[in-house]
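Listed below, chain by chain, are the residues.
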Amino acid sequence: MALHESSLDPKQACFDTVLGSGLGFSRVVTRGQTLRIVDLEGNQAVDTLFFSAADPAERYSAVDTIREQGAIYLTTGSPLMSTENNVLLNIVADTCGRHDTVGGACSAESNQVRYALDKKYMHSCRDNFLLEIQHHRPELSKRDLTANINFFMNVPVTPEGGLDFDDGISAPGRYVEMRAERDVIVLISNCPQLNNPCNGYNPTPIRILVW
Ligand SMILES: [Zn+2]
């Protein structure tokens with residue numbers, strides 16, 4: 001864990017909003033700007049994808065990020081790499097300690113496979129991503145939805161190499177902050193999942209700020 005607090009003052013932010021539980025969001029963050037995501041009530045998974053605004057075919061790459069930093073979890077100092085091996089953003093502050101990039105996003109399909117066939121119609125992150133890009137991001141399509149980051153989500157890797165979806169390690173008010181190294185599109189699903197402990201069975205709002 002690399003806990004590191006930010007010196008940025010929310011009063012100076014040029015963008016500041018609260019995103020309700022279970023909702024989608026997207027915005028362009030320009031090079032040099034800093035994006036902060038705050039887990040307002042704790043234990044909230046925030047499924048996030050990044051794309052180069054100049055060429056959205058270049059996007060966040062979990063495998064390149066893991067290889068480049070030689071570690072599975074994301075925290076302060078993690079460069080978020082693209083499919084072209086460029087740094088899209090750098091995590092510059094983190095009061096949670098670690099974030100997942102292997103667990104993926106919940107979907108109608110995973111809800112059926114993991115829980116029950118009648119969970120197909122429950123709200124999911126993939127549906128949030130699809131709805132958000134359909135309404136606001138014509139430059140993106142279904143095929144652009146690849147392996148995402150789950151900020152604040154606890155997916156420990158066991159000594160045998162297995163994955164668990166565990167109760168969260170985040171808490172009210174914890175945040176993660178990253179500086180954009182290029183103009184990026186950020187696409188967020190504030191996870192609505194009710195069937196596993198990633199949201200403490202109680203999805204809650206997040207705050208999104210940009211400086
Ligand atoms: Zn989800």
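Everything below is about the structure printed above this text.
Residues numbered from 1 in each chain as written. Predicted model: local features only at pLDDT ≥ 70, side-chain atom pairs only at ≥ 80, totals over all residues. Heavy atoms only, no water.

Engineer: I tried to follow the overall build of the protein chain on my own but got confused; where do I start?
Structural biologist: When you go through the protein chain residue by residue, the secondary structure sums to 3 helices and 10 strands. The N-to-C order of helical and strand elements in the protein chain reads β-β-β-β-α-β-β-α-α-β-β-β-β. Relative to the globule expectation of 17 Å for 211 residues, the C-alpha radius of gyration of the protein chain, 16 Å, shows essentially globular dimensions. Counting every position in the protein chain, which comprises 211 residues, the buried fraction comes to 51%. Only carbon and sulfur atoms are counted for the fraction: they give 49% of the accessible area of the protein chain, which is about 9400 Å². Averaged over its 18 positive side-chain charges, the protein chain has a centre that lies 3 Å from the centre of its 26 negative ones. (Helix = DSSP H or I, 4+ residues; strand = E, 2+ residues; numbered from the N terminus. Rg over C-alpha atoms; globule rule 2.2 N^0.38 Å. Buried < 20%, exposed > 50% of the residue type's maximum accessible area, 1.4 Å probe, protein only. Areas by Shrake-Rupley, 256 points an atom, 1.4 Å probe, with all protein chains shown as cover. Lys, Arg positive; Asp, Glu negative; His and termini not counted. Charge placed at Lys NZ, Arg CZ, Asp CG, Glu CD.)

Engineer: What exactly am I supposed to notice about the pairing of strand β9 (residues 184-190) here?
Structural biologist: Consecutive residues of a regular strand have side chains that alternate between opposite faces of the sheet. Among the 7 residues that make up β9, 7 are buried, leaving the element largely enclosed by the rest of the structure. Side chains Val184, Val186, Ile188 and Asn190 of β9 all project onto a buried face; the interleaved residues Ile185, Leu187 and Ser189 project onto the opposite face, where all are buried too. Bridge count between strand β2 (residues 24-29) and β9: 6 bridges; the pairing is antiparallel. Bridge assignment links Ser26 to a residue of β9, and that residue is Leu187. Pairing of strand β4 (residues 46-52) with β9 involves 7 bridges; the strand directions are antiparallel. (Pairing = 2+ DSSP bridges.)

Engineer: Help me understand the packing of aromatic side chains in this model?
Structural biologist: How two aromatic rings sit relative to each other is given by the distance of their centres and the angle of their planes. Using the criterion set out here, one finds 1 aromatic pair in the structure. When the ring of Phe15 is compared with that of Phe25, the centres are 5.9 Å apart and the planes differ by 40°; the resulting orientation is tilted. You can see Phe15 sitting in strand β1 (residues 15-19) and its partner Phe25 sitting in strand β2, a full 10 residues away along the chain. Over the face of the ring belonging to Tyr175 we find Arg36, whose NZ or CZ atom lies 4.3 Å from the ring centre. (Phe/Tyr/Trp six-rings, centres within 6.5 Å; stacked < 30°, edge-to-face > 60°. Lys NZ or Arg CZ within 6 Å of the ring centre and 35° of its normal.)

Engineer: How should the sheet that holds strand β3 (residues 34-39) be read in this particular structure?
Structural biologist: Through backbone hydrogen bonds, the strands of a sheet pair up, either in parallel or in antiparallel fashion. Strand order in the open sheet made by the 6 strands is β1-β10-β3-β8-β6-β5, with antiparallel pairing throughout. For this open sheet the edge positions go to β1 and β5 (79-81), each flanked by a neighbour on one side alone. Across the sheet, the mean angle from the axis of one strand to that of its neighbour is 20°, orientation sign disregarded. As defined by bridge partners, β1 adjoins strand β10 (residues 206-210) across 5 bridges and the pair is classed as antiparallel. By the bridge assignment, Val18 is partnered in β10 with Arg207. (Axes fitted to C-alpha atoms, helices over the stretch in contact; angles between N-to-C directions.)

Engineer: Would you explain the coordination of the zinc ion in this entry?
Structural biologist: Tetrahedral coordination by four donors places them ideally at 109.5 degrees to one another around the metal; octahedral coordination by six donors ideally gives 90 or 180 degrees. For the zinc ion, every protein donor is listed as Cys106 (SG), Cys125 (SG) and Cys191 (SG), and the spread of their distances is 2.2 to 2.3 Å. Mapping the donors of the zinc ion onto the primary sequence yields the spacing C-x18-C-x65-C. Taken together, the positions of Cys106 in the loop between β6 (87-94) and α2 (108-114) and Cys191 in the loop between β9 and β10 put the pair 85 residues apart, joining distant regions of the chain. For Cys106, a relative accessible area of 6% puts it in the buried group. (Donors = N, O, S within 2.8 Å, 3.2 Å for Na, K, Ca; no water.)

Engineer: Can you walk me through the environment of Glu132 in this structure?
Structural biologist: Structurally, the position occupied by Glu132 is in helix α3 (residues 125-136). The spacing of Glu132 and Phe25 is 107 residues in sequence and 6.5 Å in space, taken between C-alpha atoms. Other than its neighbours up to four places away in sequence, Glu132 contacts Gly24, Phe25, Ser26, Arg137 and Leu187. There is a polar contact of 2.7 Å between the side chain of Glu132 and the side chain of Ser26. (Contact = heavy atoms within 4.5 Å. Polar contact = N/O pair within 3.5 Å; in protein donor to acceptor, adjacent residues only side chain to side chain.)

Engineer: Explanation requested: unusual backbone geometry in the structure shown.
Structural biologist: With glycine set apart, most residues show a phi of negative sign, and most peptide bonds adopt trans. Within the chain, Asn43 stands out as a residue other than glycine whose phi angle is a positive 55°. With respect to the element layout, Asn43 can be found in the loop between β3 and β4. Phi is positive for Phe152, close to 70°, though the residue is something other than glycine.

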